[in-house]
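Below, each chain spelled out in residue letters.
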Protein chains: 2
Amino acid sequence: MKSLKDKILGDGIVLGNNIIKVDSFLNHQIDAQLMYEMGEEFYKRFKECNITKILTIEVSGIAIALTTGQAFGASVVFAKKHKSLNTSNDFYKSTVFSFTKKISYDITVSKEFINENDNILIIDDFLTTGNALEGLVDIIKQSGANLCGVGIVIEKTFQDGGRKLREKGIRIESLTKIKGFENGKVILE
Amino acid sequence: MKSLKDKILGDGIVLGNNIIKVDSFLNHQIDAQLMYEMGEEFYKRFKECNITKILTIEVSGIAIALTTGQAFGASVVFAKKHKSLNTSNDFYKSTVFSFTKKISYDITVSKEFINENDNILIIDDFLTTGNALEGLVDIIKQSGANLCGVGIVIEKTFQDGGRKLREKGIRIESLTKIKGFENGKVILE
């Protein structure tokens, strides 16, 4: 997607050796038009799946999941994050380790909103270690729903989340792939 | 908006005397089509304003702010919540007291994303005490931007946030107004 690549190269701010800040269009300020285009692009890539629900995780997955839901005519469900939570019969729960923050947290989805009849597309903004995505995949497994695939805005291919998930047979479509950083600049695949 | 009223009356779950749970279409699962219609409705109501930015607050304001941003062709900025944060030259900060949780928290917006040339529409899911909205209004004032008005999905008119903000001369458009609850049912105005 050229419009997304141009944004990343033009407006993304490289911090250190492996962080890109995309606050100006994805994580704090949101470019509504770009979100719409990306939702349409995910629809093109996964339209053969009969998607019933889009699943994402708060906070920064919500916007791109919503425009993807609009493109599919499907509802969006976002997993909620908690410091740690007792198990309950009301929700599916999985525990995620945050590589950035070096802490574990729980994610939950109400049992009301996904079940074994659903055909789910996971959408998220970043794929790095894949830990959050593995939590979402675990929740889908608990629900008995089918996972059609995963749509990602920015994948960092120098981290191993994408490889690990693909090795499990999960289809991942990333709109852009960052293979590294050189002299403070992003190198896209 | 009939579609929204039908959803509230049909799918909203009343808890106690003053809480309505709208997890099935607004706060956990998101009805993408309804969000789109509400975004269009806010556009109709505020189209005479030359809106440059939509401002909301994480988490549950993001979806409705995004579809409103799409309708206006404007970017969306969401304020971030923090337990408490030192002041910085990089962001505007305001402190909000949560009536539900009985704690104060800070909200921030990067100075990069709103400034004195902006004409802002605030969008949020609920208006109850108005404390979060007052924080957003404070941030807009700090930035020197103009506030055109506030668009709300559900206002509880038996709490005094709407009255307080209107008394300050702020234009508020609420798509639905709940005047109370009777026998576990929502009473709309």
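Up top you'll find the structure we're talking about.
Model, not experiment: these values are computed from the prediction. (Residues numbered from 1 in each chain as written. Chains lettered and ligands numbered in written order. Predicted model: local features only at pLDDT ≥ 70, side-chain atom pairs only at ≥ 80, totals over all residues. Heavy atoms only, no water.)

(A) Quick look at the relation of the copies chain A and chain B. Screw-axis analysis of chain A against chain B gives a translation of 0.0 Å along the axis, an RMSD of 0.0 Å, and a rotation angle of 180°. Such a turn and shift between the copies fits a two-fold axis. Most of the interface of chain A is mirrored in chain B, where 100% of its interface residues again form contacts. (Least-squares fit on C-alpha atoms with pLDDT ≥ 70 in both. Contact = heavy atoms within 4.5 Å.)

(B) The environment of threonine 68 of chain A, seen in detail. Residues and elements named next belong to chain A. Along the polypeptide, threonine 68 turns up in helix α4 (residues 62-72). Sequence separation of threonine 68 and leucine 15 is 53 residues, and the distance between their C-alpha atoms is 29 Å. Excluding its chain neighbours within four sequence positions, the residues that come into contact with threonine 68 are Gly39, Phe42, Ile54, Leu121 and Ile123. (Helix = DSSP H or I, 4+ residues; strand = E, 2+ residues; numbered from the N terminus.)

(C) Structural detail: the nonpolar core. Core analysis: the biggest nonpolar cluster contains 78 residues, and Met38 of chain A together with Met38 of chain B have the highest contact counts within it. When neighbours within four sequence positions are excluded, methionine 38 of chain B is seen to be in contact with Met1, Leu4, Leu26, Ile64, Val153 and Leu175 of chain B. Membership of the second largest hydrophobic core comes to 26 residues, among which are Leu55, Val77, Ala79 and Ala132 of chain A. (Core = buried A, V, L, I, M, F, W, Y, C linked by side-chain atoms within 4.5 Å. Buried < 20%, exposed > 50% of the residue type's maximum accessible area, 1.4 Å probe, protein only.)

(D) Molecular detail of the pairing of strand β10 (residues 172-182) of chain B. Residue and element names in this part refer to chain B. Here strand β9 (residues 146-156) runs beside β10; their pairing, made up of six bridges, is parallel. Looking across to β10, one finds that isoleucine 154 is bridged to threonine 176. In this structure, β10 lies alongside strand β11 (residues 185-188), joined through four bridges in antiparallel fashion. Looking at the pairing, glycine 180 lines up with isoleucine 187 of β11. Linking β10 back to β11 in an antiparallel pair, the connection comprises two residues, with asparagine 183 at a positive phi of about 50°. (Pairing = 2+ DSSP bridges.)

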